[in-house]
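Fold and geometry: a report
If you want the building blocks of each chain, they are given just below.
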Amino acid sequence: GAVVSQHPSWVICKSGTSVKIECRSLDFQATTMFWYRQFPKQSLMLMATSNEGSKATYEQGVEKDKFLINHASLTLSTLTVTSAHPEDSSFYICSAGGGPDTQYFGPGTRLTVL
Amino acid sequence: EDQVTQSPEALRLQEGESSSLNCSYTVSGLRGLFWYRQDPGKGPEFLFTLYSAGEEKEKERLKATLTKKESFLHITAPKPEDSATYLCAAAGAGSYQLTFGKGTKLSVIP
């Protein structure tokens, strides 16, 4: 099956610093990738849709200047959390579309902001 | 606005005790209904996609069914390793975006 990786798997940073999370599709090309956030005991909430070669589309309520998304190639999308604060601590998960009817998810990145 | 509601929130079963999880959805022009399994601290693992009412899919002890308003995930003779959170998601017509329910946390006791 299709494999999506994320790096790092967990990160701890100080308040005010920026953190970059990578999402890679390892064995297929993905023109579209998605970024989700999941708080404890909650479901996945879509943050943004990342499109290769164009600007990301953000969901309502998600600050595009705080969560910078770059989809530089057909296998890589990055999410940068700028000026992170404790309330940004969460589990960030990306997914990549292997086709119109399938989304494969990465293993997630646990972000803790002190 | 698309909505997906799952019930129950949590389900505790004895090993071998079959049951069903429910997923109710309100989506404009359903393109697909998805089931995922999520283990703690991990990303969701794809299980099934259902496209039209009446469709059924099976994988080992799991069977997913779909009607015009809801989907069921039937678990037959579950084992402790089936313990996980099961997520349901729906996608509308012409969209890749998934709307997720909050999940059902299944615990299977030996």
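Scroll up to find the structure.
Here is a short report on the structure shown in this document. (Residues numbered from 1 in each chain as written. Chains lettered and ligands numbered in written order. Predicted model: local features only at pLDDT ≥ 70, side-chain atom pairs only at ≥ 80, totals over all residues. Heavy atoms only, no water.)

**Quick look at the overall build of chain B**
- Summing up its helical and strand segments, chain B has 0 helices and 11 strands in all.
- Across chain B, helices and strands are ordered from the amino to the carboxyl terminus as β-β-β-β-β-β-β-β-β-β-β.
- Here the C-alpha radius of gyration of chain B, 13 Å, is about what a compact globule of 110 residues would show, namely 13 Å.
- Taking the principal axes of its C-alpha atoms as reference, chain B extends roughly 45 × 30 × 20 Å.
- Counting over 110 residues, chain B shows a buried share of 44%.
- Accessible surface computed for chain B: about 5,500 Å², of which carbon and sulfur atoms make up 47%. (Helix = DSSP H or I, 4+ residues; strand = E, 2+ residues; numbered from the N terminus. Rg over C-alpha atoms; globule rule 2.2 N^0.38 Å. Buried < 20%, exposed > 50% of the residue type's maximum accessible area, 1.4 Å probe, protein only. Areas by Shrake-Rupley, 256 points an atom, 1.4 Å probe, with all protein chains shown as cover.)

**Observations concerning the sheet that holds strand β1 (residues 3-7) of chain B**
All names here are of chain B.
- With antiparallel pairing, the 5 strands of this open sheet are ordered in space as β1-β3-β8-β7-β6. A strand with exactly one partner marks an edge of an open sheet, and here the two such strands are β1 and β6 (56-59). Between one strand axis and the next, the sheet turns by 15° as a mean value, whatever way the strands run.
- Looking at chain direction, β6 and strand β7 (residues 62-66) are connected through 4 bridges and run antiparallel. Counterpart to E56 in the pairing with β7 is T65. (Pairing = 2+ DSSP bridges. Axes fitted to C-alpha atoms, helices over the stretch in contact; angles between N-to-C directions.)

**Topic: the pattern of salt bridges**
All names here are of chain B.
- The full count for this structure, using the stated rule, is 6 salt bridges over all chains.
- Measuring nitrogen to oxygen at the nearest pair gives 3.1 Å for the salt bridge that ties D39 to R37.
- Its relative accessible area of 24% is what places D39 among the partly exposed residues.
- The salt bridge partner of E55 is K57, with a shortest N-O separation of 3.8 Å.
- Taking relative accessible area as the criterion, K57 reaches 28% and is therefore assigned partly exposed. (Salt bridge = Lys/Arg side-chain N within 4 Å of Asp/Glu carboxyl O.)

**Considerations on the side chain of A:T82**
All names here are of chain A.
- You can see T82 is positioned in the loop between β8 (76-81) and β9 (90-99).
- Only 3.2 Å separates the side chain of T82 from the backbone oxygen of D65, close enough to count as a polar contact.
- Residues contacting T82, with those up to four places away along its chain left out, are T17, S18, D65, K66 and L68. (Polar contact = N/O pair within 3.5 Å; in protein donor to acceptor, adjacent residues only side chain to side chain. Contact = heavy atoms within 4.5 Å.)

**Points about the environment of A:L76**
All names here are of chain A.
- Looking at where L76 falls in the secondary structure, it is placed in strand β8.
- A relative accessible area of 16% places L76 in the buried class.
- Taking the C-alpha atoms as reference points, L76 and S43, separated by 33 residues in sequence, lie 24 Å from one another.
- Filtering out sequence-adjacent residues up to four positions away, L76 remains in contact with E22, C23, R24, M33, N70 and H71.

**Quick notes on the packing of aromatic side chains**
- Evaluation of the coordinates by the stated rule reveals 9 aromatic pairs over all chains.
- Taking the centre distance of 6.4 Å and the plane angle of 65° together, the rings of A:Y104 and B:F46 count as edge-to-face. Placement of the pair is A:Y104 in strand β10 (residues 102-105) and B:F46 in strand β5 (residues 45-50), with the two residues belonging to separate chains.
- One aromatic cluster is present, formed by A:F28, A:Y36, A:Y104, A:F105, B:Y36, B:F46 and B:F100 through successive ring pairs. (Phe/Tyr/Trp six-rings, centres within 6.5 Å; stacked < 30°, edge-to-face > 60°.)

**Quick word on the state of the cysteines**
- Per the stated rule, a full pass over the model turns up 2 disulfides over all chains.
- There is a disulfide in this structure between A:C23 and A:C94, and the S-S distance comes to 2.0 Å. With the S-S dihedral at roughly 80°, the linkage between A:C23 and A:C94 falls on the right-handed side. In this pair, A:C23 sits in strand β3 (residues 19-25) while A:C94 sits in strand β9, placing the two residues 71 residues apart along the sequence. Each member of the pair, A:C23 as well as A:C94, is classed as buried.
- In this model B:C23 forms its disulfide with B:C88; the gap between the sulfur atoms is 1.9 Å. (Disulfide = S-S within 2.5 Å.)

**With respect to the side chain of A:T109**
All names here are of chain A.
- Residue placement: T109 occurs in strand β11 (residues 109-113).
- With a relative accessible area of 0%, T109 lands in the buried category.
- A distance of 3.2 Å separates polar atoms of two side chains, one belonging to T109 and the other to Q6.
- Beyond its immediate stretch of four places on either side in the chain, T109 contacts Q6, P8, S9, W10, V11, I21, S90, F91 and Y92.

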